[in-house]
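Secondary and tertiary structure notes
Now for the letters of each chain:
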Amino acid sequence: MTPLVLKLGGSLAESGRLRVTLALVMRARRPVVVVPGGGPFADAVREAQADLGFSDAAAHDMALAAMHQMAAAMTDLAPRLVAVDTRRAMVRAWRDRRIPVWLPARLCAGDKTIPRDWSITSDGLAARLAERLGGAEVALLKSCAVPRGASPETLAALGIVDPVFPAIVERASLAWHVLGPGEGATFAALIDAKGQAPEPLWVGGPLAKRRRPRSLVNASRKDTRPCRASSRPS
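A short tour of the structure in this document, coming up. (Residues numbered from 1 in each chain as written. Predicted model: local features only at pLDDT ≥ 70, side-chain atom pairs only at ≥ 80, totals over all residues. Heavy atoms only, no water.)

**Structural notes on the overall build of the protein**
In plain terms, the rule: Helix numbers and strand numbers start at the N terminus; a helix is a DSSP run of H or I with at least 4 residues, a strand a run of E with at least 2. Accessibility here uses a 1.4 Å probe with only protein chains present; expressed as a share of the type maximum, an area under 20% marks a residue as buried, one over 50% as exposed, and anything in between as partly exposed. In this analysis, two residues are considered to be in contact whenever any of their non-hydrogen atoms come within 4.5 Å of each other.
Each helix and strand in the protein was counted, giving eleven helices and six strands. Within the span of the protein, comprising 234 residues, buried residues form 52% of the whole. Looking at the protein alone, contacts between residues at least 24 apart form 74% of all its contacts between residues at least 6 apart.

Okay, structure coming up:
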């Protein structure tokens, strides 16, 4: 079965929905590799850059490290997940019936096809990983409404995905999905989740715990309205 590159954004952690999402991911029967967003750890990079004035290239590298921090949180919360930084380690994890969580810094080092600035987020990095895996399928989970039938270019224009995502999807001819609230059943089918899908299904359910946003950027985000892609890996 074709692997699925699954981006779980930092907004899931900040809204308190990460645990229910990971509970469903752990039931996947399809080979899945998780790409973590940077969440509050990447927010800290932006705040430090504003204070200290270091370059976007340095901030990009620090935001990759923020994704590593989120990966550490995910593997702690979900015991089937295992952190990996190479394609060989991903294959080994699938063979052992584990779910790899990608640590991107190693594969991104020296990758001239991706920018070293804030124009790329974990959206574009997920697409790039799918490309490097030989054309894997890619899915992005969002905590905001996603217009049905919209093209990657339209989603980028709306700020729902980063501008790098549609470019990679097109050049690599990737099968792609961008899922928003209320599409948990679609997501469960996509990962071939074992057993009856629980309620709430990933996002938008009545039992989803809400937490106070950590930043002004997140404070302006509403779960049922079109969102803007964060200018950091999220």
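Right, picking up where we left off after that structure.
**Some points on the packing of aromatic side chains**
Given two aromatic rings, one states the distance between the centres and the angle between the planes to describe the pair. Here is the rule: Within 6.5 Å between ring centres, the rings of Phe, Tyr and Trp (the latter by its six-membered ring) count as paired, and their orientation is classed by plane angle as stacked under 30 degrees, edge-to-face over 60, tilted in between.
Overall, the coordinates contain one aromatic pair when judged by the stated rule. With a centroid separation of 6.4 Å and 85 degrees between ring planes, the pair formed by Phe165 and Trp176 is classed as edge-to-face. Remark: Trp176 occurs in strand S6 (residues 176–179) and Phe165 occurs in helix H9 (residues 164–172); sequence separation between them is eleven residues. Taking the relative accessible area as the measure of exposure, Trp176 reaches 27% and is therefore partly exposed.

**Comments concerning the environment of Glu137**
If you trace the backbone, Glu137 turns up in strand S5 (residues 137–141). Contact partners of Glu137, with chain neighbours within four places excluded, come to Thr2, Pro3, Leu4, Val5, Arg30, Ala130, Ala175, His177 and Leu190.

**Considerations on unusual backbone geometry**
In this structure, Arg97 takes a positive phi of about 60 degrees despite not being glycine. Owing to a relative accessible area of 67%, Arg97 belongs among the exposed residues under this scheme. Positioned with a positive phi, Ser173 is a non-glycine residue whose angle comes to about 50 degrees. Along the chain, the position of Ser173 falls in the loop between H9 and S6. Judged by its relative accessible area of 67%, Ser173 falls in the exposed class.

**Describing the pattern of salt bridges**
As a reminder of what qualifies: When a carboxyl oxygen of Asp or Glu lies within 4 Å of a side-chain nitrogen of Lys or Arg, that pair is called a salt bridge.
What the rule picks out here adds up to ten salt bridges. Among the ionic pairs, Asp123 bridges to Lys7, the shortest N-O distance being 2.4 Å. Within this pair, whereas Asp123 is found in helix H7 (residues 122–132), its partner Lys7 is found in strand S1 (residues 4–8), the two being separated by 116 residues in sequence. Residue Asp123 shares its accessibility class with Lys7, and that shared class is buried. Where Lys142 meets Asp123, a salt bridge forms, and the shortest distance between an N and an O atom there is 2.9 Å.

**Topic: helix H2 (residues 18–25)**
What counts is decided by this rule: Taken from the helix axis, the directions to the C-beta atoms give the arc we talk about.
What H2 keeps buried is the set Leu18, Thr21, Leu22, Leu24 and Val25. Along H2, the residues classed as buried sweep out an arc of 160 degrees about the axis, all on the same side.

**Re the packing of H7 against H9**
To keep things clear, this is the line we draw: Under this scheme, a helix contributes an axis fitted over its contacting stretch, all axes are lines through C-alpha atoms, and angles between N-to-C directions fall in the 0 to 180 degree range. In these notes the angle categories are as follows: under 35 degrees is roughly parallel, over 145 is roughly antiparallel, 65 to 115 is roughly perpendicular, and the rest is oblique. Should the near helix be turned counterclockwise from the far one by less than a right angle, the crossing is left-handed, whereas a clockwise turn marks it as right-handed. Side-chain classes follow a simple rule in which Ala, Val, Leu, Ile, Met, Phe, Trp, Tyr, Cys and Pro form the nonpolar group, Asp, Glu, Lys and Arg form the charged group, and the remainder, Gly included, forms the polar group.
Between H7 and H9, the shortest axis-to-axis distance is 8 Å and the interhelical angle comes to 15 degrees. Compared by their axis directions, H7 and H9 come out roughly parallel. In the packing of H7 onto H9, the handedness of the crossing is left-handed. On H9, the residues that touch Asp123, Gly124, Ala127, Arg128 and Glu131 of H7 are Val164, Phe165, Ile168, Val169, Arg171 and Ala172. Broken down by class, the residue content of the contact of H7 with H9 amounts to six nonpolar, one polar and four charged.

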